[in-house]
Amino acid sequence: MTRYLLPLLLLVVMACTGPSTTQEAASSRKIITAGGTITEVVDALGHSSEIIATDITSTYPANMQDLPSIGYRNQIKAEGILALGPDLVLIEEGYLTPDVVAQLKAAQVNIQVFAKPKTVEGTKKLVSELATFFEEPERGKEIIAAIDADIAELNKYLASQESTPKAIFVMARGPETVFIAGDKTFASEMFSLAKIEGTATGFDEFTPLTPESLVTMNPEYLVFFDSGVQSLGGTDGVATIQGIDQTPAFKNGHIVALDGQYLSGFGPRVGKAALELAKAVRQ
Amino acid sequence: MVPTLSHTKIQSQNIILLGFGFVLGLVILASLSLGAFQIPFPQTLAILFDQIGISVGTFEVQQENVLIQIRVPRVLMAMLVGGGLGISGAALQGLFRNPLVEPGLIGVSSGAALFAVIFMVLVPAASALVWIKAVGLPLFAFVGGLIHVLAVYYLSKTQGKTDSATLILAGVAINALAASLIGLVLFFADDSALRSFTFWSLGDLGGATWSKIPVALTLIAAPTFLLLFNTKQLNALALGEQEAFHMGVNVQQVKLRLLICSALVVGVGVSMVGMIGFVGLVVPHLIRILFGADHRLVLPGSFLLGAILLNFADLIARLIVIPAEMPIGVITALVGAPFFIWLIFNLNKSRN
Amino acid sequence: MLKASKVHFCIRQRPIVAEVTLELHPGEIMAILGPNGAGKSTFFKLLSGEIKCKHGAVAYNGHDIQKLKSKELAEVRAVMPQHSQLNFPFTAQEVVELGLISCQSKHPSNLVKEVMEITNTTHLKDQLFNHLSGGEKQRVQLARVLVQIWEPKPFPRYLLLDEPTSSLDIAQQHGVLKVLQSLKARNIGVLVILHELNLAAQYADKIALLKNGVVAKIGKVSEVLEEEILAHVFDHPIQLIHNPVTGGVLIAAAAQVNQTIPTFKQA
């Protein structure tokens, strides 16, 4: 073993610095995106044809899922991304593990990190950052103007409504894995946009659903992701969640389901999503 | 079999170790050449030789980046962790005088993982002094592994011997405790930089970067060398602690040394790549079956064979579901668990 | 000289070995005899250094055993246990070679060869230790402990054996004791716990009779082997017969006539 140690150590020492040449961006770029919202904004800016691969959460536009997939969150590996030969990798902050980001940077891939929007302001900031990056300032302004218009329409609708319905958001991955969204989540922010009283308060992030807490929250509406309802086996399957049948929401059949990326992505369609949500709880 | 004169016996042992070293070299070359990102073999060689200043061909910058920045650290990490698991498995088997022992089974790995997770919760990811985190995490994991192995040791000791059944039971109990505590800590922690439960329970070499290599190298190489100086004592210990004492071995000192070195090697490995099971069980056995029980061969042989096997398993993990990766613990379990069953079967047979 | 002075050991206030004094000189074989529960094994462990005595002292060649490191102790005495469990596939030769650890020998392979020849284990050398019969295992163990003290040194060495003949047939029993006898000429003193009284009678120079942790009698074989003291120690009538082969005595159990044997309370 000692005989191989010396050349190996030599390899280690010599290889610690890589070459310092940089990649030049070709006009037909190859982009990989990680994070559904980023993909959406890139598409809105008119550059989705440059995307060669993306992650599992990039479901809008729908044809993105026909592209090769790099995986999901911390299961994504650096070599898998590099094997596809991208010129540019756009990632949502915290989506990839820090080790993979470090590896990609060490491999001198052009990698840009963007904060995930958690509010409408965040959405507009992301749009302008990406617009600047892609050198599409006009397009960026158009998108932001469209978002403002959507929000104006939302507020106009809300002004004509008196009620503030009570609702909670339920994250379901099968009947045994059910969580409720509390404060500082996308759900609390969307609820406040749609003038909904979120009754799951007093705790941050997500907490496992318990039958007793359900009753205490007493929601008039239950909001799910489409995928969540699917994992329960359809709207009938919602009844399998312990304690759900005690809520006025369930008794009145007030179950609202929206697409995951649409509802939680805070992408360019955020205003439309908030309006749809606001209308869904005021049927 | 092995010649009778001790001089040529040592010679033949050295030849065997050299053979292992050669195979390790081949496996390393294969691991560097293959992966999700295609690098033709001539380019691989060209890049490697270029690192030591010899030009044998051209290659692309991207190929060099993938090979040097991603694959080389990964292969090195697999070597260090695999070798460490192998040699610590052999040392623990010698210490407990029981061939059914391995770091995963008796709770060293899960103890190390638990303390690693606790450390990551107590020391937030974005804190200053990255250096402290880089060294502190593996060392804290070492403490966890050490505490667990001591607990199992004292739980299973009766009349100076460690009974197999009690040992496995103690290991099961400690493992269950550690696993539930890990789940608990991960549940309450909201730092997403804390790696997932599957990372800890199935292992993942994908996060290997150059920044981790110096720490891994020092903290695994040093105790490994120390272990290699205890082969004679391990041989003596095989007859029993009292017999070893009668032959002049300072038993308490040797036991402590073995425990600390094994826990350190395993702790460091676990803190970096999660728990990878069965390597520490299978590797020493293969060496003993093939070449006999002399620890002078078993210890270094286990290091080399462990490095070979883990690299090979990682290669399979990386190739089998491209561009995704199979968790490496799945592969080691698929091979290791049937081997373990065969072992138990054989042990019972020889007892009857 | 191996000297035990008023060695005392208790378990929960109950004396297992009560103030035993004994001297073993190089060039002699001392047999420790006594019924079960006499404290032979405990005394043996006190002499070998495995356990520490509460009062009293054990000294090898004038050095107190407590002050000797295990390595120094290993150079001066070797111990053959009654049973050993080996869980790894060592060959018989590898087991014998274990004895080399403490004795920095210049010619280890010759030493091992010589010792294995003497113990008649050379033909077993490449077999796995765990595949050997009980008797073969004991002879290999004997070879191992002999390796530890075989080489001539400027100081006397000692060999302690705990029932080394238990799994051996009659030929092997006498073979082992003849080997022990040959050690006398090598400046080695032998202390052996035996169950077979006649082996002791034939091969030992001195005998120590232990009962209830106390030395009932110690001395030359001819002095110690005496019907009344033997009957007292072993709680059974003994008859001594003249041994025509050796010129010594044969110990036989006498017929049990309806007489009450005085029984002594266990301490």
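Sequence order as written defines residue numbering, which begins from 1 separately in each chain. Ligands are numbered from 1 and chains lettered from A, in the order in which they are written. Since the coordinates come from a predicted model, pLDDT governs what is reported: local features require at least 70, and pairs of side-chain atoms require 80 or more to be given and counted, while whole-chain, interface and lining totals use all residues.

1. Some points on the sheet that holds strand β1 (residues 31–34) of chain A
The pairing of strands in a sheet comes from backbone hydrogen bonds and takes either a parallel or an antiparallel form.
Residues and elements named next belong to chain A.
Part 1 of the reasoning: Strand pairing is assigned whenever DSSP detects at least two bridges linking the two strands. Counting from the N terminus, the helices are DSSP H or I runs at least four residues long and the strands are E runs at least two residues long. Pairing in this open sheet of four strands is parallel, and the strands run β2-β1-β3-β4 from one edge to the other. Each having just a single partner strand, β2 (51–54) and β4 (110–114) make up the two edges of the open sheet. For this sheet, the mean angle separating the axes of adjacent strands, direction not counted, is 20°.
Part 2 of the reasoning: Bridge analysis of β1 against β2 gives three bridges, and the strand direction is parallel. Within β2, the position partnered with I32 by the bridge is A53. Every axis in this analysis is a line fitted to C-alpha atoms, fitted for helices over the stretch in contact. Angles between the N-to-C directions lie between 0 and 180 degrees.

2. Digging into the interface of chain C and chain B
Part 1 of the reasoning: Contacts between the two partners involve 29 residues from chain C and, on the opposite side, 25 residues from chain B.
Part 2 of the reasoning: Of all the elements in the fold, those that place two or more residues in the side of chain C that touches chain B are α2 (70–76), β6 (77–80), α3 (92–97) and α4 (108–118) of chain C.
Part 3 of the reasoning: For the side of chain C that touches chain B, the element with the most residues is α2(C), which contributes four residues.
Part 4 of the reasoning: Residues that form the side of chain C that touches chain B fall into these classes: 12 nonpolar, 11 polar and six charged. Residues are treated as contacting if the C-beta atoms built from their backbones sit within 7 Å of each other. Gly falls in the polar group here, along with every residue not listed as nonpolar (Ala, Val, Leu, Ile, Met, Phe, Trp, Tyr, Cys, Pro) or charged (Asp, Glu, Lys, Arg).

3. Observations regarding the sheet that holds strand β4 (residues 55–60) of chain C
Part 1 of the reasoning: Here we have four strands laid out as an open sheet, ordered β2-β1-β4-β5 (chain C), and antiparallel in their pairing. This sheet does not close on itself; its edge strands, each paired only once, are β2 (14–24) and β5 (63–64) of chain C.

4. Description of the arrangement of the chains
Part 1 of the reasoning: Contact analysis covers two pairs of chains in contact, and the most contacts occur between chains A and B.
Part 2 of the reasoning: No part of chain A reaches chain C; the closest C-alpha pair between them is 24 Å apart.

5. Quick word on the domain arrangement of chain A
Part 1 of the reasoning: You can read the domains of chain A as domain 1 (28–116) and domain 2 (158–280).
Part 2 of the reasoning: Of the residues lining the interface, eight residues belong to domain 1 of chain A; the matching set on domain 2 of chain A comes to five residues. In this entry, domain limits derive from an automatic or database-based domain assignment.

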